[in-house]
Amino acid sequence: MPDVFRELAARSAEEGGFAGFAPDTCLINRYEPGARMSLHQDRDERDFSAPIVSVSLGLPAIFLFGGLRRADKPRRFRLAHGDVVVWGGPSRLAYHGVAPLADGEHPLLGRQRVNLTFRRAR
Ligand SMILES: O=C(O)CCC(=O)C(=O)O
Ligand SMILES: [Mn+2]
């Protein structure tokens, strides 16, 4: 992983209260208008003591952030280009997802949203 990514993730995690985050994985999701991600937990990582750091690029999206049970009503947050979300600790296994992407044209990335999630997977 490029140092600039590792450092962005580590600094963001520290600001969110998770000092010492050392990601070993960056998952990249690309969304076209209409694409969504249903509510889920991030459970593939071995160690849940590390947070998730999520960077949004391109078109804005509505991020759904719920509770520890799928039935918990998610809160909705608008994420714009450059926004970073950090979750961990008691929220590490919170259900989350992305509402269907509204159509639009981003000046740098065009008709898409790209999301990077930094994780400690191994
Ligand atoms: O695109 C996002 O903001 C969320 C992505 C996500 O939750 C995941 O890749 O597990
Ligand atoms: Mn996820």
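Just so it is clear, the structure is predicted and the values come from calculations on it, not from any experiment. (Residues numbered from 1 in each chain as written. Chains lettered and ligands numbered in written order. Predicted model: local features only at pLDDT ≥ 70, side-chain atom pairs only at ≥ 80, totals over all residues.)

## Looking at the environment of Gly 97
Position of Gly 97 relative to the elements: it lies in strand S7 (residues 96-98). Exposure remark for Gly 97: the 15 C-beta atoms within 10 Å place this residue in the partly exposed category. C-alpha separation for the pair Gly 97 and Asp 72, spaced 25 residues apart in sequence, amounts to 13 Å. Filtering out sequence-adjacent residues up to four positions away, Gly 97 remains in contact with Met 37, Ser 38, Leu 39, His 40 and Leu 64. (Helix = DSSP H or I, 4+ residues; strand = E, 2+ residues; numbered from the N terminus. Buried ≥ 20, exposed ≤ 12 C-beta atoms within 10 Å, placed from the backbone. Contact = placed C-beta atoms within 7 Å.)

## Thoughts on the sheet that holds strand S2 (residues 37-40)
Ordered by their spatial adjacency, four strands build an open sheet running S2-S7-S4-S5, and the pairing between neighbours is antiparallel. A strand with exactly one partner marks an edge of an open sheet, and here the two such strands are S2 and strand S5 (75-79). Direction aside, neighbouring strands of the sheet carry axes that sit 20 degrees apart on average. Strand direction decides the pairing type here: strand S4 (residues 61-65) and S7, joined by three bridges, are antiparallel. Its bridge partner being in S7, Phe 63 is matched across the sheet by Val 98. (Pairing = 2+ DSSP bridges. Axes fitted to C-alpha atoms, helices over the stretch in contact; angles between N-to-C directions.)

## Quick look at the site of ligand 1
Contacts to ligand 1 come from Leu 27, Asn 29, Met 37, Asp 42, Ser 54, Phe 63, His 96, Val 98, Asn 115 and Thr 117. Of all the secondary-structure elements, those providing two or more residues to the shell around ligand 1 are strand S1 (25-31), S7 and strand S8 (113-119). Broken down by class, the residue content of the shell around ligand 1 amounts to four nonpolar, five polar and one charged. (Near = placed C-beta within 6 Å. Nonpolar A, V, L, I, M, F, W, Y, C, P; charged D, E, K, R; others polar.)

## Some details on the nonpolar core
Formed by Ala 9, Ala 13, Phe 18, Phe 21, Ala 50, Ile 52, Val 53 and Phe 118, the largest nonpolar core amounts to eight residues. Residue assignment for this core shows that the elements contributing at least two residues are helix H1 (3-15) and strand S3 (52-58). Leave out the neighbours within four places in its chain, and Phe 21 touches Ala 9, Ala 10, Ala 13, Ala 50, Pro 51 and Val 53. Listed in part, the seven residues of the second largest apolar core include Leu 59, Phe 63, Leu 79 and Leu 101. (Core = buried A, V, L, I, M, F, W, Y, C linked by C-beta atoms within 7 Å.)

## Comments concerning the sheet that holds S3
The strand order across the open sheet formed by four strands is S1-S8-S3-S6, and the pairing between neighbours is antiparallel. Whereas interior strands pair on both sides, the edge strands pair on one side only; in this sheet they are S1 and strand S6 (84-87). Put simply, the sheet's adjacent strands are angled 20 degrees from each other on average, direction ignored. As defined by bridge partners, S3 adjoins S8 across six bridges and the pair is classed as antiparallel. Paired with Val 53 across the two strands is Phe 118, which belongs to S8.

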